[in-house]
Amino acid sequence: IDEERVAIALERCRGLLLDIGCGTNELARGYRSRQGTAIGVDVWPWPGADVVCDTTRLPFQNNHFDTVVMLACLNHVQRSKRSQVLQEARRVLKDEGQLLITMINPLVGIVVHAIRRRYDPDQLERGIGEEEAKGLWDKEVKDLLAESRLQLAETIPFVFGLNRLYIAEKDRTGGR
């Protein structure tokens, strides 16, 4: 699933790229080798992460990135901080930029996390915290985007519909 997430996101990335929750930074490395400049940030000191920081306070200026990506990580953000992280993503995103999020639903997540627990460094080293989730329902992702003043432009299912790519942009209509 990880390779498919990176591949579907890379097809849509453009301009200066920020990968929030980058893990070992596969997306940023792939983007750099093909087409542009990318920075990967994470709260955990993964080998390959460019910046380790609190993702509720990103160390970048406003309206800086053309593409902000969050691959399979929003569910790993503490429930109480998810909106803050998305608001920070919005803050550093250019007005004409795009936010890409991939997410599985909790039922798929239960199965995937149980299987991956045996070999995945994320599961073995860091584990899953109390305020994290195995995945997020479609409605939860859409509600979080709206709450953060991000407008959903497109949803693309992939990996037999078990995963979704959400493409959002800044909501400039004055909505929530």
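The following paragraphs examine the structure supplied in this document.

Calculation rules
Residues numbered from 1 in each chain as written. Predicted model: local features only at pLDDT ≥ 70, side-chain atom pairs only at ≥ 80, totals over all residues. Heavy atoms only, no water. Pairing = 2+ DSSP bridges. Helix = DSSP H or I, 4+ residues; strand = E, 2+ residues; numbered from the N terminus. Contact = heavy atoms within 4.5 Å. Axes fitted to C-alpha atoms, helices over the stretch in contact; angles between N-to-C directions. Phe/Tyr/Trp six-rings, centres within 6.5 Å; stacked < 30°, edge-to-face > 60°. Buried < 20%, exposed > 50% of the residue type's maximum accessible area, 1.4 Å probe, protein only. Parallel < 35°, antiparallel > 145°, perpendicular 65-115°, else oblique. Left-handed = near helix turned anticlockwise from the far one by under 90°. Lys, Arg positive; Asp, Glu negative; His and termini not counted. Salt bridge = Lys/Arg side-chain N within 4 Å of Asp/Glu carboxyl O. Polar contact = N/O pair within 3.5 Å; in protein donor to acceptor, adjacent residues only side chain to side chain. Arc of directions from axis to C-beta.

1. Considerations on the sheet that holds strand β3 (residues 51–52)
At step 1: Pairing in this open sheet of seven strands is mixed, and the strands run β3-β2-β1-β4-β5-β7-β6 from one edge to the other. The outermost strands of the open sheet, each flanked by one partner alone, are β3 and β6 (150–158).
At step 2: The strands touched by helix α2 (residues 26–34) within the sheet are β1 (17–20), β2 (38–42) and β4 (65–71), with β2 carrying the most contacts at an inclination of about 175°.
At step 3: Strand contacts of helix α3 (residues 82–92): β1, β4, β5 (93–104), β6 and β7 (163–170), with the helix running at about 145° to β5, the strand carrying the most contacts.

2. A closer look at the packing of aromatic side chains
At step 1: Taken as a whole and judged by the stated rule, the model has two aromatic pairs.
At step 2: On the numbers, 6.4 Å between centres and 55° between planes, the contact of W44 with W46 is tilted.
At step 3: For W46, a relative accessible area of 9% corresponds to the buried category.
At step 4: Centre to centre, the rings of F60 and F65 are 5.1 Å apart; their planes meet at 90°, and the pair counts as edge-to-face.

3. Remarks on the packing of α3 against helix α6 (residues 138–147)
At step 1: Where α3 contacts α6, the two axes come as close as 9 Å, and the packing angle between them is 55°. Between α3 and α6, the crossing angle belongs to the class labelled oblique. Taken as a pair, α3 and α6 cross one another with a handedness that is right-handed. Together, R82, S83, L86 and Q87 of α3 and L144, L145 and E147 of α6 make up the contact between the two elements.

4. Focus on the packing of helix α1 (residues 2–10) against α2
At step 1: Where α1 contacts α2, the two axes come as close as 10 Å, and the packing angle between them is 45°. Taken together, α1 and α2 sit at an angle that is classed as oblique. Pair α1 / α2 crosses with right-handed handedness. Taken together, the residues of α2 that come into contact with α1 (itself represented by V6, A9 and L10) are E26, L27, G30, Y31 and R34.

5. Topic: the side chain of R90
At step 1: Tracing the sequence through the fold places R90 in helix α3.
At step 2: D95 provides the closest opposite charge to the buried, salt-bridge-free R90, at an N-O distance of 6.3 Å.
At step 3: Within the structure, R90 has its side chain in polar contact with the backbone oxygen of D171 (distance 3.3 Å).
At step 4: Once residues lying within four places of it in the same chain are set aside, the contact partners of R90 are S148, R149, L150, K170 and D171.

6. Description of α2
At step 1: For α2, the full list of buried residues reads L27, A28, G30 and Y31. The buried residues of α2 occupy one face: seen down the axis, they fall within an arc of 165°.
At step 2: Where α2 is buried, its residues touch α1, β1, β2 and β4.

7. A word on the environment of G48
At step 1: Summarising the element assignment, G48 is placed in the loop between β2 and β3.
At step 2: On the basis of relative accessibility, which here comes to 37%, the residue G48 falls in the partly exposed class.
At step 3: As a C-alpha pair, G48 and E26 span 22 residues in sequence and 8.4 Å in three-dimensional space.
At step 4: Non-local contacts of G48, meaning those with residues more than four positions away in its chain, are made with T24, N25 and R29.

8. Some points on the pattern of salt bridges
At step 1: Evaluation of the coordinates by the stated rule reveals 11 salt bridges.
At step 2: One salt bridge connects R5 with D2, and the closest N-O pair in it is separated by 2.8 Å. Separated by three residues within a single helix, R5 and D2 lie in helix α1, roughly one turn from each other.
At step 3: The partner of D138 in a salt bridge is R164, with the nearest N and O atoms 3.7 Å apart. Of this pair, D138 sits in helix α6 while R164 sits in strand β7, and the two are 26 residues apart along the sequence.
At step 4: Note on D138: relative accessible area 21%, which makes it partly exposed.
At step 5: By relative accessible area, which is 33% here, R164 ends up partly exposed.
At step 6: A single salt-bridge network, built from bridges that share partners, covers D138, K142 and R164.

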